[in-house]
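# Coordinate analysis (summary)
Single-letter residue listing:
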Amino acid sequence: MARLEAACQVEQCAGDGDAARRDLLARVAGKQALVSMVTDTIDRTVIEAGDALKIIANVAVGYNNIDVAAARGCGIIVTNTPDVLTDATADFTLALILAITRRLGEGERWLRGGTWPGWAFDQLLGMQLRGKQLGIVGYGRIGRAVAARAQAFGMTIAYTSRSDAGIPLDRLLATSDVVSLHVPLTPETRHLIGQPELARMKRSAYLINTTRGPVVDEAALAWALKNRLIAGAALDVYEREPEVHSDLLPLENVVLAPHLGSATTETRTAMADLAARNVIAVLAGEPPLTSVG
Ligand code: GLV
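Residues numbered from 1 in each chain as written. Predicted model: local features only at pLDDT ≥ 70, side-chain atom pairs only at ≥ 80, totals over all residues. Heavy atoms only, no water.

Take the pairing of strand 8 (residues 232-235) next. Residues Gly 232 and Ala 234 point to one face of strand 8 and Ala 233 and Leu 235 to the other, with burial holding for every one of them. Strand direction decides the pairing type here: strand 7 (residues 206-209) and strand 8, joined by four bridges, are parallel. Note that in strand 8 the partner of Tyr 206 across the bridge is Gly 232. In the classification by handedness, the crossover that spans strand 7, the intervening helix 10 (residues 218-226) and the parallel strand 8 is right-handed. Relative to strand 9 (residues 254-256), strand 8 is paired through three bridges, and the arrangement is parallel. Residue pairing across strands places Leu 235 opposite Leu 256, the latter belonging to strand 9. (Buried < 20%, exposed > 50% of the residue type's maximum accessible area, 1.4 Å probe, protein only. Helix = DSSP H or I, 4+ residues; strand = E, 2+ residues; numbered from the N terminus. Pairing = 2+ DSSP bridges. Right-handed = clockwise from strand over helix to strand, strands pointing away.)

Where nonpolar side chains cluster on the molecular surface, the patch consists of Leu 111, Trp 116, Trp 119 and Phe 121 and spans about 610 Å² of accessible area. Relative to the elements of secondary structure, Trp 119 occurs in the loop between helix 6 (104-112) and strand 4 (133-137). (Patch = residues over 30% accessible without salt bridge, like charges linked within 9 Å, V, L, I, M, F, W, Y side chains within 5 Å. Areas by Shrake-Rupley, 256 points an atom, 1.4 Å probe, with all protein chains shown as cover. Salt bridge = Lys/Arg side-chain N within 4 Å of Asp/Glu carboxyl O.)

In this section: helix 6. For an α-helix the count is 3.6 residues per turn, leaving residues at separations of three or four pointing the same way. Within helix 6 the residues assigned to the buried category are Gly 105, Glu 106 and Gly 107. Against helix 5 (86-101) lie the buried residues of helix 6. Gly 114, located one to two residues past helix 6, shows a positive phi value of around 70 degrees. (Contact = heavy atoms within 4.5 Å.)

What follows concerns the site of the ligand. Within the structure, the ligand sits among Ala 60, Val 61, Gly 62, Leu 85, Arg 212 and His 259. A distance of 2.9 Å separates an oxygen atom of the ligand from a polar atom in the backbone of Gly 62. Between the ligand and Arg 212, the relevant distance is 2.7 Å, taken from an oxygen atom to a side-chain nitrogen or oxygen of the residue. Within the complex, 87% of the 190 Å² of free accessible area of the ligand lies under protein. Among the residues forming the shell around the ligand, the class breakdown is three nonpolar, two polar and one charged. (Near = heavy atom within 4 Å. Polar contact = N/O pair within 3.5 Å; in protein donor to acceptor, adjacent residues only side chain to side chain. Nonpolar A, V, L, I, M, F, W, Y, C, P; charged D, E, K, R; others polar.)

Before going further, it helps to examine the pattern of salt bridges. Taken as a whole and assessed by the stated rule, the structure comprises 16 salt bridges. Between Asp 83 and Arg 141 there is a salt bridge whose closest N-O contact spans 3.8 Å. Within this pair, whereas Asp 83 is found in the loop between strand 3 (77-79) and helix 5, its partner Arg 141 is found in helix 7 (residues 141-152), the two being separated by 58 residues in sequence. Accessibility expressed as a relative area gives 46% for Arg 141, which makes it partly exposed. For the salt bridge of Asp 177 with Lys 202, the shortest nitrogen-to-oxygen distance reads 2.8 Å. Remark: Lys 202 occurs in the loop between helix 9 (195-200) and strand 7 and Asp 177 occurs in the loop between helix 8 (169-175) and strand 6 (178-181); sequence separation between them is 25 residues. Classification of Asp 177 as buried rests on a relative accessible area of 10%. Judged by relative accessible area, Lys 202 falls into the partly exposed class, the value being 28%.

So this is what it looks like as structure tokens:
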């Protein structure tokens, strides 16, 4: 905010739900720049209401919340915040892999519920990572950063990628001990992991999702976890945030985090700073630092 306020006049949107939407539609008229969060739906209606917009600066690497084609059609630049959040998101992916494979959530619930019977030799046994295969679906910046960390834990890596390298998704699902999703949400990746894909995974395998909720069919995942088709899952994102599919909540074999992938002070500061610098550059008639596509 300080960086933006030093360079331009800034207004902040307010309210929740419908009120927030009405406020955004009213305020965007006549503004040259819009700074948006992943939770803001920047569709054609908002874009057309923004009759003076030059830039939409999303404070996230993913930009599925923005109708980029509509923006482009109106000559508006869309920017995101790549790179600065790669480490934080990859770190958090490892946190989720460790939490689910070492049954941290189950153990913590015992302690908080006062039901820990005390140490026992064969209690809450998890899965060791060394020698196991991590299947990375989407081998971009974050996928590669996750691979580097997992190799330090002794895991071998398999991956799918939009380019020719990597292995087919079917083979990755059938052979991996942990499957971690790092593709952006697009029409092609919506429900990429549904009932048939979960059925292809090893019964001993774990699914990790730190990208976008709709990449996984949440109802199918709950069914697969309940019926032990896979050993467990750890999720940071959901199909209808902040809602979580009610069938997931009672399950012990799932770790549920509230969309924390990039949530460190350092990273969120860097994301905000990059979005502000994109706005300032474009309003000064300069090229943006990180425009999308
Ligand atoms: C967060 O979800 C992001 O896409 O940066």
